[in-house]
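Topology and contacts: notes
Listed here are the chains, written in short residue letters.
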Amino acid sequence: MQQRKSDVIVIGGGVIGVAIAYYTASQGASVLVVDKNEIASGSSHGNAGLLVPSHCNPLPTPGVIAQGLRYLFDPEGPFYIRFRLQAELARWLWKFYRSCNEKHLYHSIGIFRKLGDESMELHRQLAESGGDDYQYSQSGILSLFTNEDAFKEAREDAAKVKGCGSESVVLSGDDVRDLEPVAGPQVVGGLLAKTDGSIEPLSFVKWLAKEAEQRGALFLTDTEAFWLKTDRRRVTKVVTTRGEFEADQVVLASGAWLPLLAAQLGVRIPVEPAKGYSMTYGASEGDPKIPLLLEEARVAVTPFDQTLRLAGTLELSGLDLEIRRERLKAIETQTYRYLPKLGGLEIKEIWRGLRPCTPDGLPVLGRLRPWSNVFVAGGHATKGMSLGPVTGKYLSRMLAGESIGMLERSLSPNRF
């Protein structure tokens, strides 16, 4: 018979929800995770699997609006907005615009530097137990550029981030080709982030879920949480398609669907779904040896043991999972522009998923006021796989009544 009462219920079985379950169960609490699909069936399934402590910039940065406008009406561009008559999207875009300033940039860099370093250390600790199971690697990530102006701007940005503890190695075009012969003649230079790494994301989340189960966590899949029963300022029951469940504390970690549950509690959390795509191919001898970021094209290229994955685009189109063929074509076309020596690629999987993005680019993490027993974790945009462990660790501490210090205010779901 299914357990109906737990210390903690986590709604969402992606990397964030599973990491919360792992660290919370490790503290001895009874944890139930419910997901309307399978574990890691959303954004945690087919992303690039990059671990990027060096990536400290938020999505909104000075100049990003002008850059985005250049792509906006390009059907094959890396950025796209499907405008719709919704007040929520208008409010989100306005808050995004307000966050595109130097003050917020440096504030965010400091936060992501701390989160990224701590999460990478947790990734290393986890990899000591199961890294071979999910292809953990910390061989670095190489960013490639085909435009001299973009390369210069990236070097300047890297110098800014260096002041926060991160450092990239600047490579000429020839240096890049010496390191990765698959790079073509159009590549004018690169930046090598030696601290970064990668994992096979689906394997990682499933491995972490098994580890959480060994610590007592329970997982209930194909189970949609559609109603939160309340009494005064507490959620008393989570009503699902498999009945009602009770818990002392409830965590909303449902990714792009987070605002829907929060709205039931009368709270607006501005998380906008950003659709991304990936294509996974069989591995070949000409594949790159380390992950690559094709910077102007906004495409990630990740080699795994038996496959090669191309991932890219950021499409603000709501809770829409339509596969747009022009986006897939653009990813392939741009990849061959940087990497013309790639061999004939045999497609294994085409995927799309919705990455949850906040307008200020920072995650949401903490208790949801005015509710006394509801916590929120999400809004990691493209950094969810990288920041999953630290998010799980921090929220497990908050569930235990501890503070995470100065970060609480910056990451609070109530800051909007």
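Below is a short write-up of the structure. Given the structure is predicted, the values throughout are model-derived calculations rather than measurements.

**Let's talk about the overall build of the chain**
Helix and strand counts for the chain stand at 12 helices and 19 strands. For 416 residues, the compact-globule estimate of 2.2 N^0.38 gives 22 Å, and the chain sits close to it at 21 Å. By principal-axis analysis of the C-alpha atoms, the chain measures approximately 65 × 45 × 40 Å. For the chain, buried positions account for 56% of its 416 residues. For the chain, the share of sequence-separated contacts (at least 6 apart) that also reach a separation of at least 24 residues comes to 77%. With an accessible surface of roughly 17900 Å², the chain has 50% of that area assigned to carbon and sulfur atoms. In the chain, which carries 49 positive and 49 negative side-chain charges, the distance between the mean positions of the two groups comes to 7 Å.

**Observations concerning the layout of surface pockets**
As a volume, the second largest pocket reaches approximately 430 Å³. Along the walls of the second largest pocket sit 14 residues, with Ser99, His104, Asp360, Arg415 and Phe416 positioned nearest its centre. Among the secondary structure elements, those contributing two or more residues to the lining of the second largest pocket are helix H4 (87-98), helix H5 (102-130) and helix H12 (407-411). Looking at the lining of the second largest pocket, the element that brings in the most residues is H5, giving 3 residues.

**Description of a nonpolar patch on the surface**
Among the surface-exposed residues, Ile65, Trp94 and Tyr97 lie close enough to one another that they form a single nonpolar patch of about 330 Å² accessible area. By relative accessible area, Tyr97 is classed as partly exposed at 47%.

**Here's the deal with the pairing of strand E18 (residues 364-367)**
Where E18 and strand E19 (residues 374-378) come together, 4 bridges link them in antiparallel fashion. Considered in E19, the bridge of Val364 is made with Gly378. Counting the residues in the hairpin turn of E18 and E19 gives 6 residues.

**A look at the side chain of Arg113**
Turning to its location among the elements, Arg113 is positioned in helix H5. A relative accessible area of 7% places Arg113 in the buried class. At 2.6 Å, the side chain of Arg113 and the backbone oxygen of Pro53 are in polar contact. There is a polar contact of 2.6 Å between the side chain of Arg113 and the side chain of Asp117.

What counts and what doesn't
Residues numbered from 1 in each chain as written. Predicted model: local features only at pLDDT ≥ 70, side-chain atom pairs only at ≥ 80, totals over all residues. Heavy atoms only, no water. Helix = DSSP H or I, 4+ residues; strand = E, 2+ residues; numbered from the N terminus. Rg over C-alpha atoms; globule rule 2.2 N^0.38 Å. Buried < 20%, exposed > 50% of the residue type's maximum accessible area, 1.4 Å probe, protein only. Contact = heavy atoms within 4.5 Å. Areas by Shrake-Rupley, 256 points an atom, 1.4 Å probe, with all protein chains shown as cover. Lys, Arg positive; Asp, Glu negative; His and termini not counted. Charge placed at Lys NZ, Arg CZ, Asp CG, Glu CD. 1 Å grid on protein atoms, 1.4 Å probe; cavity = no way out; pocket = protein on both sides within 12 Å on 5 of 7 lines; lining within 4 Å. Points joined across faces, edges and corners; volume = space filled by probe spheres on them. Patch = residues over 30% accessible without salt bridge, like charges linked within 9 Å, V, L, I, M, F, W, Y side chains within 5 Å. Salt bridge = Lys/Arg side-chain N within 4 Å of Asp/Glu carboxyl O. Pairing = 2+ DSSP bridges. Polar contact = N/O pair within 3.5 Å; in protein donor to acceptor, adjacent residues only side chain to side chain.

Worth remembering: the numbers are spatial, not functional.
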